[in-house]
Amino acid sequence: MTTIVFPLPIAEQLYLSVSFVNNTITGTHYLSNGQPTPSSGSPSTTADSVFAKQIKHELESYFKTDSQFTLTCDLQSGTEFQRKVWQALLEIPSGEVKTYGALAKELNSSARAVGNACRQNLFPVIVPCHRVVSASGIGGYAGDTLDKQHGRINFLQIKQWLLAHEKAHIK
DNA sequence: CGAAGAGTAGTCG
DNA sequence: CGACTACTCTTCG
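Residues numbered from 1 in each chain as written. Chains lettered and ligands numbered in written order. Predicted model: local features only at pLDDT ≥ 70, side-chain atom pairs only at ≥ 80, totals over all residues. Heavy atoms only, no water.

## Description of unusual backbone geometry
1) Next: In this structure, Asp66 takes a positive phi of about 60 degrees despite not being glycine.
2) Next: Considering the arrangement of structural elements, one finds Asp66 in the loop between helix 1 (50-65) and helix 2 (80-90).
3) Next: At Asn108, a residue that is not glycine, the phi angle is positive and equals roughly 55 degrees.
4) Next: Locating Asn108 in the fold gives a position in the loop between helix 3 (100-106) and helix 4 (111-119).
5) Next: For Asn108, a relative accessible area of 73% translates into the label exposed. (Helix = DSSP H or I, 4+ residues; strand = E, 2+ residues; numbered from the N terminus. Buried < 20%, exposed > 50% of the residue type's maximum accessible area, 1.4 Å probe, protein only.)

So this is what it looks like as structure tokens:
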């Protein structure tokens, strides 16, 4: 497995690490000041393979012009339900948002369960869990809610930034 | 508008 | 089972 680290234009000292094996992304994590987020583990290395360059290029394009990703993610981990939710997330186009409730209806589930699955998303940014919002506001991100923030990274600010970047409008 | 309560489904121990 | 959630709807001030 190889990992690259991409600086994010969202905030100072904020990075996205992208891990991959062969031509498949196996996970992405936010890093603050080079330190792994609570849930991640392995130290990062750099690579210059063709796929690594493609990843960097797609990230650059996304953060510059809001382009779509063609990268493929390894969605095999996780439960059946989680994979269904993540697959549904991939079908939300940039600039649009769905509520947890609306997504739940499509999957014959409940809003709370959808929120759970989004929280378990292993591919923030690439799998656009930020395009799912609450019926009454922005909802949570990476475990953070309006009420409580967990780590040093302000995840809600990231969600807000991504949605603004995609020109999505929420309540 | 806000707060409180009930209802909900998926996951973990 | 019971106790968690990135939820939502109704009801009551």
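## Quick word on the side chain of Asn121
1) Next: Along the chain, Asn121 turns up in the loop between helix 4 and strand 6 (132-133).
2) Next: The class of Asn121 is buried, set by a relative accessible area of 10%.
3) Next: There is a polar contact of 3.1 Å between the side chain of Asn121 and the backbone oxygen of Val127.
4) Next: Excluding residues that lie within four positions of it along the chain, Asn121 makes contacts with Trp86, Val127 and Cys129. (Polar contact = N/O pair within 3.5 Å; in protein donor to acceptor, adjacent residues only side chain to side chain. Contact = heavy atoms within 4.5 Å.)

## Concerning the protein's contact with DNA strand C
1) Next: The full set close to DNA strand C counts 17 residues, and Tyr100, Arg112, Cys118, Arg119 and Ala135 are the nearest of them.
2) Next: Backbone atoms, meaning sugar and phosphate, make up 54% of the atoms of DNA strand C lying within 4 Å of the protein.
3) Next: Gly101 places a polar main-chain atom, nitrogen or oxygen, 3.2 Å from a phosphate oxygen of DNA strand C.
4) Next: Within the backbone of Ala142, a nitrogen or oxygen atom sits 3.2 Å from a base nitrogen of DNA strand C.
5) Next: When contributions to the surface near DNA strand C are tallied by element, the ones reaching two or more residues are helix 3 and helix 4. (Near = heavy atom within 4 Å.)

## Observations regarding the layout of surface pockets
1) Next: The computed volume of the largest pocket comes to approximately 610 Å³.
2) Next: Together, 23 residues line the largest pocket, and Tyr100, Gly115, Gly139, Gly140 and Thr145 are the ones closest to its centre.
3) Next: The greatest single-element share of the lining of the largest pocket, amounting to six residues, is contributed by helix 4.
4) Next: Broken down by class, the residue content of the lining of the largest pocket amounts to nine nonpolar, nine polar and five charged. (1 Å grid on protein atoms, 1.4 Å probe; cavity = no way out; pocket = protein on both sides within 12 Å on 5 of 7 lines; lining within 4 Å. Points joined across faces, edges and corners; volume = space filled by probe spheres on them. Nonpolar A, V, L, I, M, F, W, Y, C, P; charged D, E, K, R; others polar.)

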